[in-house]
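Next come the chains, spelled out residue by residue.
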Amino acid sequence: MNTRLESNKKYFILDMDGTFYLGNQLLEGSLEFLKKVEAAGKQFLFFTNNSSRNKQVYLEKLAGMGCHIDESQLLTSGMVTIHYIKNTWQNPKVYLLGTPALEQEFESNGIQLTETRPDAVVVGFDTTLTYEKLEKACTLIRNHTPFLATHPDNNCPTESGYIPDCGAMCAFITQSTNVLPKYLGKPYKETIDYITSFLNCTKDELVFVGDRLYTDIAIGAQHGATSVLVLTGETRLEDLEKSDVQPDIIVDRLLDLTAYL
Ligand SMILES: [Mg+2]
């Protein structure tokens, strides 16, 4: 296990829920960690797989917790998905299962939302999901419309326990259509490519920090970037024993990572 990060590790890609805050509660020491990163001449970027909200909503949520960041310091899986769609289809049209915030983000980025002959069906973390939307999505996918999903998380942690997330919604569609989605977000290559082009850096300079093994840690482990597990969220130490995905560094909480700077 490392005791110090190499000097070329310049960008901390921070997960939010379970890493920086828990629900609506900032985790102790989170703001201090950001200050220490900047004092060390390094940078941070928030990246969340949660596509139920858009960038503006997250910026307001963070500001409400006393964390004032620039809009260039936050990315979401929704943005990776928009980028992928625009690179894949010209004048793209999609059938989106998403919240009004995600719909607004797609439309403001020039993606038309339609039920009629879309280029793809896209599933986000749709907390406004209905049977009608699922039925339409299944019909389109059964008729060979490509099936995309913003991120693979099965559950989302809340103060009152887990709630079903995008992966669980996709499993419903897969069970009906026998088609698996192409997932974006963490841990997939499209996300690491998006982040390195956004920061104009190489993956060796990235340090992914998060609480979930199959997304936050896997993106580093599978693509040659450094990963740091915090124990403030989903993963407990005993989960590591039975996991193929292993972090480079384990800390109790985000603030403890300052010791490695
Ligand atoms: Mg998390």
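Given the structure is predicted, the values throughout are model-derived calculations rather than measurements.

Cut-offs used in this document
Residues numbered from 1 in each chain as written. Predicted model: local features only at pLDDT ≥ 70, side-chain atom pairs only at ≥ 80, totals over all residues. Heavy atoms only, no water. Core = buried A, V, L, I, M, F, W, Y, C linked by side-chain atoms within 4.5 Å. Buried < 20%, exposed > 50% of the residue type's maximum accessible area, 1.4 Å probe, protein only. Helix = DSSP H or I, 4+ residues; strand = E, 2+ residues; numbered from the N terminus. Contact = heavy atoms within 4.5 Å. Pairing = 2+ DSSP bridges. Axes fitted to C-alpha atoms, helices over the stretch in contact; angles between N-to-C directions. 1 Å grid on protein atoms, 1.4 Å probe; cavity = no way out; pocket = protein on both sides within 12 Å on 5 of 7 lines; lining within 4 Å. Points joined across faces, edges and corners; volume = space filled by probe spheres on them. Nonpolar A, V, L, I, M, F, W, Y, C, P; charged D, E, K, R; others polar. Donors = N, O, S within 2.8 Å, 3.2 Å for Na, K, Ca; no water.

J.: If you had to explain the nonpolar core to someone new, which residues and values would you point to?
T.: By size, the foremost hydrophobic cluster in this structure holds 29 residues, and its most contacted members are Phe 12, Leu 14, Phe 33, Phe 46, Leu 62 and Val 209. Among the secondary structure elements, those contributing two or more residues to this core are β1 (11-14), α1 (30-39), β4 (43-48), α2 (55-64), β13 (206-210), β14 (226-230) and β15 (249-251). Residues contacting Val 209, with those up to four places away along its chain left out, are Phe 12, Ile 13, Leu 14, Asp 15, Thr 19, Val 228, Val 230, Leu 254 and Leu 257. In terms of nonpolar packing, the next biggest core, distinct from the first, is built from 18 residues, Val 121, Phe 125, Leu 134 and Leu 140 among them.

J.: A description of the sheet that holds β13 should follow, citing residues and the corresponding values.
T.: Taken together, the six strands give an open sheet; going across it, the order is β5-β4-β1-β13-β14-β15, and neighbouring strands pair in parallel fashion. Looking at strand neighbours, the two that pair on one side only are β5 (74-76) and β15, the edges of this open sheet. Put simply, the sheet's adjacent strands are angled 25° from each other on average, direction ignored. As paired strands, β4 and β5 are joined by three bridges and run parallel to one another. For Phe 47, the partnering residue across the bridge sits in β5 and is Leu 75.

J.: Could you give me a rundown of the layout of surface pockets, with the residues and numbers involved?
T.: In this structure, the largest pocket spans a volume of roughly 210 Å³. What lines the largest pocket is simply Asn 54, Lys 55, Gln 56, Glu 71, Met 79, Ile 82, His 83, Lys 86, Glu 105, Asn 109 and Tyr 194. Contributions of two or more residues to the lining of the largest pocket are made by α2 and α3 (77-88). It is α3 that contributes the most residues to the lining of the largest pocket, four residues altogether. In the lining of the largest pocket, the residues fall into three nonpolar, four polar and four charged.

J.: Could you give an account of the coordination of the magnesium ion, with specific residues and numbers?
T.: The magnesium ion binds to the protein through Asp 15 (OD), Asp 17 (O) and Asp 211 (OD), with metal-donor distances spanning 2.1 to 2.2 Å. Positions of the donor residues of the magnesium ion along the chain correspond to the pattern D-x1-D-x193-D. Judged by its relative accessible area of 7%, Asp 15 is buried. Residue Asp 17 is classed as buried on the basis of its relative accessible area of 17%.

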